[in-house]
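Chain residues, written in single-letter form:
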Amino acid sequence: MAQLDAIGLTPEQRARMTVVDHPMVQHKVAILRDESTGTKQFRDLVRELAMFEGYEATRDFPLEPVEVTTPLETCTCHKIAGKKVAVVPILRAGLGMVDGILDLVPAARVGHIGMYRDPETHEPHEYYCKLPEDVDKRTCLVVDPMLATGGSAIAAIDYLRRSGVSDVRLLVLVAAPEGVRAVLEADPGVRLYTCALDRELNDHAYILPGLGDAGDRIFGTLQP
Ligand code: PRP
Ligand code: URA
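Here the structure is a predicted model, which is why all the values come from computation and not from measurement.

A. Spatial organisation of the site of ligand 1. Surrounding ligand 1, one finds 15 residues, the nearest of these being Arg117, Asp144, Thr149, Gly150 and Ser152. With respect to ligand 1, the side chain of aspartate 144 contributes an N or O atom lying 2.4 Å from an oxygen atom. Against a free-state accessible area of 500 Å², the protein chains account for coverage of 90% of ligand 1. In a pocket analysis with a 2 Å cut-off to the grid points, ligand 1 is assigned to the largest pocket. Of all the secondary-structure elements, those providing two or more residues to the shell around ligand 1 are strand S6 (112-117), strand S9 (146-147) and helix H5 (151-162). Taken together, the residues of the shell around ligand 1 break down into six nonpolar, five polar and four charged.

B. Main features of the pattern of salt bridges. In the structure shown here, the tally under the stated rule is 19 salt bridges. Residue lysine 83 is joined to aspartate 167 by a salt bridge in which the shortest nitrogen-to-oxygen separation is 4.0 Å. Separated by 84 residues along the polypeptide, lysine 83 in the loop between strand S3 (74-80) and strand S4 (85-91) and aspartate 167 in the loop between H5 and strand S10 (168-175) bring together distant segments of the chain. The class of lysine 83 is partly exposed, set by a relative accessible area of 31%. Looking at aspartate 167, the relative accessible area reads 18%, which means it is buried.

C. Representation of the site of ligand 2 within the structure. With respect to spatial proximity, the complete set of residues near ligand 2 consists of Arg117, Met146, Ala148, Ala205, Tyr206, Ile207, Gly212, Asp213 and Ala214. A distance of 2.8 Å separates an oxygen atom of ligand 2 from a polar backbone atom of isoleucine 207. Within the backbone of glycine 212, an N or O atom sits 2.8 Å from a nitrogen atom of ligand 2. When isolated, ligand 2 has an accessible area of 240 Å², and the protein chains bury 89% of it. Judged by its atoms lying within 2 Å of the grid points, ligand 2 is housed in the largest pocket. Looking at the shell around ligand 2 residue by residue, the class counts come to six nonpolar, one polar and two charged.

D. Up close: the layout of surface pockets. Considering only enclosed or pocket space, the largest pocket measures out at about 660 Å³ in volume. Elements with a contribution of two residues or more to the lining of the largest pocket: S4, S6, S9, H5 and helix H7 (214-219). Grouping the amino acids of the lining of the largest pocket by side-chain chemistry returns 16 nonpolar, eight polar and five charged. Roughly 220 Å³ of internal volume is contained in the second largest pocket. Lining the second largest pocket are 13 residues, and of these Phe61, Ile80, Lys83, Val85 and Val105 sit closest to its centre. Tallied by class, the residues present in the lining of the second largest pocket amount to eight nonpolar, two polar and three charged.

E. Up close: the packing of helix H3 (residues 39-57) against helix H4 (residues 95-104). The contact between H3 and H4 brings their axes to 7 Å, and the two run at 45°. In terms of orientation, H3 lies oblique with respect to H4. Between H3 and H4 the crossing geometry is right-handed. Residues Val46, Arg47, Ala50, Met51, Glu53, Gly54 and Tyr55 of H3 form the contact with H4, whose own contacting residues are Gly96, Met97, Asp99, Gly100, Ile101, Asp103 and Leu104. Across the contact of H3 with H4, the residue classes break down as seven nonpolar, three polar and four charged.

Procedures and definitions
Sequence order as written defines residue numbering, which begins from 1 separately in each chain. Labels follow written order: the first chain is A, the first ligand is 1, and so on. In view of the model being predicted, local features appear only for residues whose pLDDT reaches at least 70, and side-chain atom pairs are presented and counted only at 80 or more, with totals across whole chains, interfaces and linings using the full set of residues. Where side-chain values are given, they derive from all heavy atoms of the structure, hydrogens and water being excluded. What makes a residue near a molecule or strand is one non-hydrogen atom of that residue sitting within 4 Å of it. Polar contact is the term for a pair of N or O atoms within 3.5 Å; when the atoms are in protein, one must be able to donate a hydrogen and the other to accept it, and sequence-neighboring residues count only if both atoms are side-chain atoms. Exposure was quantified through the Shrake-Rupley algorithm and a 1.4 Å probe, taking into account, for residues, occlusion by the shown protein chains and nothing else. Cavity and pocket criteria rest on a 1 Å grid covering protein atoms alone: a 1.4 Å probe that fits but cannot get out defines a cavity, protein on both sides within 12 Å along at least 5 of 7 lines defines an open pocket, and an atom within 4 Å of a point defines a lining residue. Just a note on the criterion: a molecule sits in a pocket or cavity if more than half of its atoms are within 2 Å of the grid points. Helix and strand definitions here come from DSSP, where helices need a minimum of 4 consecutive H or I residues and strands a minimum of 2 consecutive E residues; each element is numbered from the N-terminal end. Residues are grouped as follows: Ala, Val, Leu, Ile, Met, Phe, Trp, Tyr, Cys and Pro are nonpolar; Asp, Glu, Lys and Arg are charged; every other residue, Gly included, is polar. Any carboxyl oxygen of Asp or Glu within 4 Å of a side-chain nitrogen of Lys or Arg constitutes a salt bridge here. The cut-offs for exposure are 20% and 50% of the maximum accessible area for each residue type, with area from a 1.4 Å probe on protein chains only; residues under the lower value are buried, those over the upper are exposed, and the others partly exposed. Grid points are joined across faces, edges and corners, and a volume is the space filled by probe spheres set on the points. Angles shown run from 0 to 180 degrees and are taken between the N-to-C directions of axes, each axis being a line fitted to C-alpha atoms and, for helices, limited to the stretch in contact. Note that the term roughly parallel is reserved for angles under 35 degrees, roughly antiparallel for angles over 145, roughly perpendicular for angles of 65 to 115, and oblique for everything else. Each crossing is labelled by how the near helix is turned from the far one, with a counterclockwise turn of less than a right angle marking it left-handed and a clockwise turn marking it right-handed. The contact rule is simple, with two residues in contact once any of their heavy atoms fall within 4.5 Å.

Limitation: the analysis is restricted to geometry and does not speak to function.
Put into structure tokens, the structure is as follows:
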């Protein structure tokens, strides 16, 4: 694995990057990587990890005081101060993270950005986009389990910027240093969260050690 301080980020880029390295997260990522983990368990873990990561990515959401009457007395508590959120999965693998975020932020709206990587060039191709009408007024949590070259994420973030979104946070489960650098350089405002920072990309732009093809493992479409 790579050390965050050794992948060549500027101090400003470093400040926009979080590795969620809680012991429970590391434990679940280890199971996720294992080639013997089956489709059902893989899907469940992606959902759980998305929720853990969602906690970290919403850490700065503003609170407002509310009066709550317990069975014993009334006290001042705090609730989220009306923050509007959209979860935006990059299809198809990002779909696996949506329910984990919705478990945390049930009122969030869901937008979809369809993107696939050309197997030869590794360039992203957009094939579908549907966002909430008021997306420009929402914090967008873009979700995709894998950040490899960064091409898909950069294209998705660019689409959101062109749609007027000012607060974009990218949540991935496994990232390659190449993708981290590319995303943080391409967009000067995006915040990036990952559960693991891996070593490098191979010649096919797959992450090493990685976990293989996330979409195929979530949806059980691995070729025998
Ligand atoms: C995977 C993954 C990302 C992208 C990452 O999707 O889910 O979207 O590749 O690679 P990049 O950082 O080099 O762009 P893929 O294109 O395989 O499509 P899928 O989700 O439909 O399997
Ligand atoms: N997409 C994946 O699903 N896995 C990788 O390692 C790279 C891109």
